[in-house]
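Inside the fold
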Amino acid sequence: VPKEAKFICLQVRDSAYLDRHGEIREGDWSYHNYRDGDIDKYVLAAEELARRGYYVFRMGINVLKPLKSSNPKVIDYANLKIRSDFMDIYLAAKCAFCIVGNAGFEAITRIFRRPIVYVDYVPLGMFVTDSSRHISTSKKHFIRDENRFMTFKEIFESGVDAFWLSSKYEAVGIDLVESTPEEIAAVVLEMKERLQGTWKT
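These notes cover the structure that comes with them. This is a predicted model, so every value here is computed, not measured.

About the thresholds
- Residues numbered from 1 in each chain as written.
- Predicted model: local features only at pLDDT ≥ 70, side-chain atom pairs only at ≥ 80, totals over all residues.
- Heavy atoms only, no water.
- Helix = DSSP H or I, 4+ residues; strand = E, 2+ residues; numbered from the N terminus.
- Expected span 1.5 Å × (residues − 1).
- Buried < 20%, exposed > 50% of the residue type's maximum accessible area, 1.4 Å probe, protein only.
- Contact = heavy atoms within 4.5 Å.
- Axes fitted to C-alpha atoms, helices over the stretch in contact; angles between N-to-C directions.
- Parallel < 35°, antiparallel > 145°, perpendicular 65-115°, else oblique.
- Left-handed = near helix turned anticlockwise from the far one by under 90°.
- Nonpolar A, V, L, I, M, F, W, Y, C, P; charged D, E, K, R; others polar.
- Pairing = 2+ DSSP bridges.
- Salt bridge = Lys/Arg side-chain N within 4 Å of Asp/Glu carboxyl O.
- Core = buried A, V, L, I, M, F, W, Y, C linked by side-chain atoms within 4.5 Å.
- Phe/Tyr/Trp six-rings, centres within 6.5 Å; stacked < 30°, edge-to-face > 60°.

**Some words on helix 7 (residues 181–196)**
End to end, helix 7 covers 23 Å across 16 residues, agreeing with the expected 22 Å (1.5 Å per residue, within 8%). Looking at helix 7, one finds that the buried residues are Ile184, Ala185, Val187, Val188, Leu189, Glu190, Met191 and Lys192. Along its buried surface, helix 7 packs onto helix 2 (43–51), strand 4 (97–100), strand 5 (116–118) and strand 6 (134–136).

What follows is the structure, given as structure tokens:
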């Protein structure tokens, strides 16, 4: 990566880390699964950024599957032997912005005041709204029995906006539906344009 190149950190939560390291606390970590995402759905966004001159570092450790891209600017850093804790901090501190779901890595980028795109963040009531440099999307809430998506109003009035456990969504028959690759690419490119001052609402 050239010294002056702009780069993005991409971190998509999955269950692999806690499945491996959670045994320390001997717990069932599946209650976190509602926060998980599929890295395959982020390839389009990563490649769109690469086409616009950015490098993209897929962050993480003990991930479920690789980031599949043939673009040399899209780097599956989470699966490289050179990955280190220090480099994780460095990349988070120096990135142009970070793309993240509901996972701990975003705390590092917040410490260094980097802009963040929160993708598919749930629960909705915990949206990060303390900075104009952050933008967010949420997973869609699908009611199985009624075969339809909930409105924002319904999510808040029903209390679903404060569900922190996978079992709670299951108990009321709600499936959390991830954004499509096109939707993820759209919000990521919106952040790029916002930072460049070219975004038009």
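Having seen the structure, we can now continue with the description.
**Description of the packing of helix 2 against helix 7**
Geometrically, a packed helix pair is captured by the angle between its two axes and the distance between the axes. Following both chains from N to C, one finds helix 2 and helix 7 inclined at 40°, their axes separated by 7 Å at the closest point. Relative to helix 7, helix 2 is oriented oblique. Classified by chirality, the crossing of helix 7 by helix 2 is right-handed. Judged by residue contacts, Leu44, Ala45, Glu48 and Leu49 of helix 2 engage Pro181, Glu182, Ile184, Ala185, Val188 and Leu189 from helix 7. Tallied by class, the residues present in the contact of helix 2 with helix 7 amount to 8 nonpolar, no polar and 2 charged.

**Observations regarding the environment of Cys98**
Looking at the secondary structure, you find Cys98 in strand 4. Sequence-wise, Cys98 and Val56 are 42 residues apart; in three dimensions their C-alpha atoms are separated by 9.6 Å. Filtering out sequence-adjacent residues up to four positions away, Cys98 remains in contact with Cys9, Phe105, Thr109, Pro115, Ile116 and Val117.

**With respect to the sheet that holds strand 7 (residues 140–143)**
Strand order in this open sheet of 3 strands is 8-7-9, and the pairing throughout is antiparallel. A strand with exactly one partner marks an edge of an open sheet, and here the two such strands are strand 8 (148–149) and strand 9 (174–177). Looking at chain direction, strand 7 and strand 9 are connected through 4 bridges and run antiparallel. If you follow Ile143 over to strand 9, its bridge partner there is Ile174.

**Comments concerning the pattern of salt bridges**
A full pass over the atoms with the stated rule returns 16 salt bridges. One salt bridge connects Glu146 with Arg148, and the closest N-O pair in it is separated by 2.7 Å. Glu146 sits in the partly exposed class, given a relative accessible area of 45%. By relative accessible area, Arg148 is classed as partly exposed at 27%. Salt bridges sharing partners connect three or more residues here, namely Asp38, Asp40 and Lys65.

**A closer look at unusual backbone geometry**
A cis amide bond links Val122 with the next residue in sequence, Pro123, at an omega value of 0°. In the Ramachandran plot, Asn62 falls in the positive-phi region, its phi being about 55° despite a non-glycine side chain. Mapping Asn62 onto the fold places it in the loop between strand 2 (55–58) and strand 3 (74–75). Its relative accessible area of 19% is what places Asn62 among the buried residues.

**Observations concerning the nonpolar core**
Judged by nonpolar contacts, the single largest core of 26 residues is most densely connected at Ile8, Tyr42, Leu49, Phe97, Ile99 and Val188. Sorting elements by how many residues they give to this core places helix 7 first, with 6 residues. Leave out the neighbours within four places in its chain, and Ile8 touches Leu49, Tyr54, Tyr55, Val56, Phe57, Cys95, Ala96, Phe97 and Ile99. Core analysis: the second largest hydrophobic core is formed by 20 residues, Ala5, Tyr77, Val100 and Ala103 among them.

**Describing the packing of aromatic side chains**
The final tally for this structure, using the stated rule, is 8 aromatic pairs. Ring centres 6.4 Å apart and planes at 65° place the aromatic pair Tyr54 and Phe97 in the edge-to-face group. Of this pair, Tyr54 sits in the loop between helix 2 and strand 2 while Phe97 sits in strand 4, and the two are 43 residues apart along the sequence. Take Tyr54: its relative accessible area is 6%, and that puts it in the buried class. Phe97 gets classed as buried once you look at its relative accessible area, which sits at 0%. Seen in terms of ring centroids, Phe163 and Tyr169 are 5.3 Å apart; in terms of plane orientation they differ by 75°. Their pairing is edge-to-face. For Tyr169, a relative accessible area of 2% puts it in the buried group. Feature note: the residues Phe7, Phe57 and Tyr77 constitute an aromatic cluster, connected by ring pairs.

Function cannot be read off these values alone, since they describe shape.
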